[in-house]
2 protein chains.
Amino acid sequence: MIIDVHGHYTTAPAALGAWRDLQIASLKDPSKAPKPSDLKISDDELRESIETNQLAKMRERGSDLTVFSPRASFMAHHIGDFQTSATWAAICNELCFRVSQLYPRHFIGAAMLPQSPGVDAATCIPELERCVKDYGFVGVNLNPDPSGGHWTSPPLTDRYWYPLYEKMAELEIPAMIHVSTSCNPCFHTTGAHYLNADTTAFMQCLTGDLFKDFPSLKLLIPHGGGAVPYHWGRFRGLAQELNKPLLDEHLLNNIFFDTCVYHQPGIDLLTKVIPVKNVLFASEMIGAVRGVDPQTGHYYDDTRRYIDGTANLTEEERFLVYEGNARRVFPRLDAALKAQGR
Amino acid sequence: MIIDVHGHYTTAPAALGAWRDLQIASLKDPSKAPKPSDLKISDDELRESIETNQLAKMRERGSDLTVFSPRASFMAHHIGDFQTSATWAAICNELCFRVSQLYPRHFIGAAMLPQSPGVDAATCIPELERCVKDYGFVGVNLNPDPSGGHWTSPPLTDRYWYPLYEKMAELEIPAMIHVSTSCNPCFHTTGAHYLNADTTAFMQCLTGDLFKDFPSLKLLIPHGGGAVPYHWGRFRGLAQELNKPLLDEHLLNNIFFDTCVYHQPGIDLLTKVIPVKNVLFASEMIGAVRGVDPQTGHYYDDTRRYIDGTANLTEEERFLVYEGNARRVFPRLDAALKAQGR
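Just so it is clear, the structure is predicted and the values come from calculations on it, not from any experiment.

1. Concerning the packing of aromatic side chains
Part 1: For the structure on display, the rule yields 32 aromatic pairs over all chains.
Part 2: Aromatic side chains Phe-202 of chain A and Phe-257 of chain A sit 5.9 Å apart centroid to centroid with 40° between the ring planes, which places their arrangement in the tilted category. Of this pair, Phe-202 of chain A sits in helix H8 (residues 189-207) while Phe-257 of chain A sits in strand S7 (residues 255-258), and the two are 55 residues apart along the sequence.
Part 3: Taking the centre distance of 6.3 Å and the plane angle of 5° together, the rings of Trp-19 of chain B and Trp-88 of chain B count as stacked. Linking Trp-19 of chain B in helix H1 (residues 14-25) with Trp-88 of chain B in helix H5 (residues 82-102), this pair joins segments that are 69 residues apart in sequence. Residues Trp-19 of chain B and Trp-88 of chain B agree in their burial class; the two are buried.
Part 4: Among the aromatic residues, ring-to-ring pairing joins Tyr-9, Phe-68, Tyr-103 and Phe-107 of chain A into one connected group.
Part 5: The ring of Tyr-322 of chain A has Arg-304 of chain A lying over it, and the distance from NZ or CZ to the ring centre is 5.9 Å.

Next up, the structure:
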């Protein structure tokens, strides 16, 4: 079985974007404020958007199940205030839930949080609980920079984030550390901000002792861990300078990397330097890089080809990357699969 | 011959730091302002600081010449105003010049600029010209984020930077794109900010058309290019989405990567995916990672071992990485070496 732990609903019907545009316009002109109930998207429209896109590609590529969350770049937590994000997150999460209901064997949800810069992180808990308890979601996306490229929130090791970690530990759900769109002109969203955030989050955890306080907390760093595996020697050396334990012990019981790295040499490096137990299959399809690589004739984000193609994994290890690790890191996913007899 | 294109004077005598502390204190209390002439460092002190550190390690590791610039994390362009940076840059550059005079076969200078957030980039030109014309410096370090982790300057493709590029083109010197210390608590300086800046700078160039305006401009991205080579497929794919030419043509006549990647698998990846003509030997010794790797028994930053150890390079290609590319990218270095009969 092949589980893709990183997929976003990037192909939602256009009515969703139109609703959001009205919501943003209403920040200046409250008379334009749309109600959540103004958004009408039928099941047929959802089916159309999924079957011709994600599901078609999953079938082509042979992946079975995607952990599916709202479009990352559309979270845009920097827009408006908590109430703006709360309404928007609720709508986006509900759509992912409906997709998971329409295709229960192919999609299972991960929540977007109603984060807002400077707002108490605990305000996100009700939406998180609703998604897990009512929608059966198995993970959550946590944005370490709700400002959108200005990095005004405290590091992930700060107590600011602890209420969320406590709830995650209680619910047994991991967080993918995933920023949203960059409104800082220095940072291209998918070419710089995403990768920088991955590296930044890892280094925040390296300098701190977060997992002493939360030994069961699990954080998934997307996009192959940003720059981290490529600079694994640097990070091992920095941990040493900072008198931290070896990374295996200090971080690798709690931090995991996905395989959203879009060429064979990158996946070869990832699977060579990072222990197999810490690598989870993902493609972020349909996402930042949608084209076909002229060097291979295949889609850049068809990461299964690289996992199948690397000489670094035995068949048993490939099972861990494709399925075993995901079941361990996402216990609620494992339970949901077992309930389906899988 | 082995040329290390990335070394900083991280071991300057303590008097330098003490002078800087007084300068910083004087920002609040001008009566404390030190004069540049208050700083007294003898040639013997310089010799001691170099011979027991950089030069000792160069001899141990068998590198011949280092392109030597002021300590990157101490540039701290966010402190004070233009005059603060101008005085500080002049002092730091002069020390590197003196080192290059004491050891002309082992060190040659690269300039720190007196950047200051929000100040016209053209204000850096006089110091740059002085360093090149009076001190024989062959390169310059350009900080894309003088705010120190708040990223308030325009992208490198913006006309804000053009006066500097014009001067660099005229003087035939390349710039290493190198940030300084981070004063944003989200970013660890050497573990996140440096690598993020490398990735960010590359992506800024990818989205723009800077090298159409400056076809001879040469930018060196340190720390092995941040996350870029590991995600080379992502960047190729993003260029495709943005309707840019292939990266070979779009960027690789102008952008180069150093080899400050502190483990064998990282160097193997770098030398596999990036054309050899774009890779320049460097170690950033003595820098961010000073320890011995328990997995190898050698210093993490002894990058020569990884270059020698990779199966990806022929002897001819190793010559390019160690010497040939540096002579091409730094024409004034080549001229200086030829004047020495090397």
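Resuming the write-up.
2. Details of the relation of the copies chain A and chain B
Part 1: Superposing chain A onto chain B takes a rotation of 180° plus a shift of 0.0 Å along the axis, which leaves an RMSD of 0.0 Å. Taken together, the rotation and translation relating the two chain copies correspond to the operation of a two-fold axis. If distances are taken from each C-alpha of chain A to the rotation axis, the shortest is found for Ala-227 of chain A, at 2.1 Å.
Part 2: Comparing interface residues between copies, 100% of those in chain A also lie at the interface in chain B; the contact surface is shared.

3. A word on the interface of chain A and chain B
Part 1: Listed as interface residues are 57 residues of chain A and, on the opposing side, 57 residues of chain B.
Part 2: The junction of chain A with chain B conceals about 4600 Å² of combined surface from both sides, 59% of it contributed by carbon and sulfur atoms.
Part 3: Of all residues in chain A, Cys-186, Tyr-230 and Arg-234 of chain A bury the most surface against chain B, accounting for 19% of the area lost on that side.
Part 4: Where chain A meets chain B, there are two salt bridges.
Part 5: A salt bridge links Arg-236 of chain B to Asp-293 of chain A; its shortest N-O distance comes to 2.8 Å.
Part 6: There are 26 residue pairs in polar contact (both at pLDDT 80 or more) connecting chain A and chain B.
Part 7: The element contributing the most residues to the side of chain A that touches chain B is H8 of chain A, with eleven residues.
Part 8: Per-class residue counts for the side of chain A that touches chain B are 29 nonpolar, 22 polar and six charged.

Reading guide: rules and limits
Residues numbered from 1 in each chain as written. Chains lettered and ligands numbered in written order. Predicted model: local features only at pLDDT ≥ 70, side-chain atom pairs only at ≥ 80, totals over all residues. Heavy atoms only, no water. Phe/Tyr/Trp six-rings, centres within 6.5 Å; stacked < 30°, edge-to-face > 60°. Helix = DSSP H or I, 4+ residues; strand = E, 2+ residues; numbered from the N terminus. Buried < 20%, exposed > 50% of the residue type's maximum accessible area, 1.4 Å probe, protein only. Lys NZ or Arg CZ within 6 Å of the ring centre and 35° of its normal. Least-squares fit on C-alpha atoms with pLDDT ≥ 70 in both. Contact = heavy atoms within 4.5 Å. Buried area = accessible area lost by both parts, 1.4 Å probe. Salt bridge = Lys/Arg side-chain N within 4 Å of Asp/Glu carboxyl O. Polar contact = N/O pair within 3.5 Å; in protein donor to acceptor, adjacent residues only side chain to side chain. Nonpolar A, V, L, I, M, F, W, Y, C, P; charged D, E, K, R; others polar.

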